[in-house]
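A closer look at the structure
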Amino acid sequence: MNPTAFFFLALAIIVVETALRSRKKRSTSWTETIRNITLGLNERLHALLLTAFSAKLYALWQPFAFEAPPSWVQVLLAILGVDAVWYIYHRSSHRISLLWAAHLTHHMPKEYTMSVAVAASPIGVVVRAFLYGHLALYGIAPEIIFFAQVSNALYGYILHTELWNYPRWMNYVLVTPAFHRIHHSCSPSHIDKNYGNVFTFWDRLFGSYCLDDAPLVYGITKTPKQRDYLHDQLFYLAQLVRNFYRYPFGRALRLVFAGPEAQDADPPHLYSLDLRPSAGEVLLGIGLFILCYHSIFQWEAGQRSFWAVLVGAHLGIALCSGLLSTFARRVGVLRA
Ligand SMILES: [Zn+2]
């Protein structure tokens, strides 16, 4: 799909869901939705830049690959393999603080909406590229691995809503919105449960399956006061670095790989900015981002300056988030 059409479709889905939620008397936070969208734009930008890197990783495995099985076997292996790798990646992302630093942006929202699906970190793209690459070893063609990856991601996208439910029996085989809502809840019985993205049998097999009726509490247990797409991505990494100043080296190093519950309860507060982007800023920022994102394809053909469009895309994200205008007010360029 044309990337511009993809962005418009994703935004249209978020707008339609917000309208449907309001008809059901459920409010949707503007600041939280915009924060999720800016995280998504940032992640997609870096995912695009990393496409060539992923292809090279797949190619590294190919000389050692088994003989390619028939195409339908490759598709089946890729769908199961990508979902199994996702389970391992996802579980590790909750149990290893270094990976949690990247994944937590997806768990910080206090509402459960379609925009949460895109609130991701580009670091996850890099980690998954390494993990998915080994599937080429089983003789699966890179384009089939890529197809399975995209299908897996799209399936995960439609899980992030409170608007619909699948029949309860489906949870025995497939991940449903109700099953995944539990994963996003920080109620005591829900923490570290339901890591699967398409099939639930990985959770059954490895003891992380949960389908109880405890109240859902979205978000994480230790949320910093400052919330924006940059702070969300940086504060936990800063916490891991801060450990090296607070504790002996060995303990701080262990905390990098320990579970999030081992960290101090006071997450770092890196700066204080009250971001309230206007609808105009959001539209202008998204417009600038899409224009630059689209230009990256042309740059690959040597028609645009790479660094100019990259800076432009980042300025678009900063404008959309309200960071640019807030910063301009702080330094006196704009009136408070
Ligand atoms: Zn998760």
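In this section: the packing of aromatic side chains. Each aromatic ring pair is characterised by the separation of its centres together with the angle its planes make. According to the stated counting rule, one finds 10 aromatic pairs in the structure shown. A centroid spacing of 5.9 Å and a plane angle of 85° characterise the contact between Tyr 87 and Tyr 195, whose relative ring orientation is edge-to-face. Within this pair, whereas Tyr 87 is found in helix H4 (residues 71-95), its partner Tyr 195 is found in the loop between helix H8 (177-183) and helix H9 (201-205), the two being separated by 108 residues in sequence. Judged by relative accessible area, Tyr 87 falls into the buried class, the value being 4%. Here the aromatic residues Tyr 87, Tyr 195 and Phe 206 are joined through ring pairs into a cluster of three or more. Lying across the ring of Tyr 209, Arg 204 places its NZ or CZ 4.1 Å from the centre. Its guanidinium or amino end placed over the ring of Tyr 247, Arg 251 lies 3.9 Å from that ring's centre, counting from NZ or CZ.

A few words on unusual backbone geometry. The residue Asp 192 is not glycine, and still its phi comes out positive at about 60°. Structurally, Asp 192 is set in the loop between H8 and H9. For Asn 194, which is not glycine, the phi dihedral falls at a positive 55°. Take Asn 194: it is sitting in the loop between H8 and H9. For Asn 194, a relative accessible area of 0% puts it in the buried group.

Conventions and cut-offs
- Residues numbered from 1 in each chain as written.
- Predicted model: local features only at pLDDT ≥ 70, side-chain atom pairs only at ≥ 80, totals over all residues.
- Heavy atoms only, no water.
- Phe/Tyr/Trp six-rings, centres within 6.5 Å; stacked < 30°, edge-to-face > 60°.
- Helix = DSSP H or I, 4+ residues; strand = E, 2+ residues; numbered from the N terminus.
- Buried < 20%, exposed > 50% of the residue type's maximum accessible area, 1.4 Å probe, protein only.
- Lys NZ or Arg CZ within 6 Å of the ring centre and 35° of its normal.

This is a description of form; function is not addressed.
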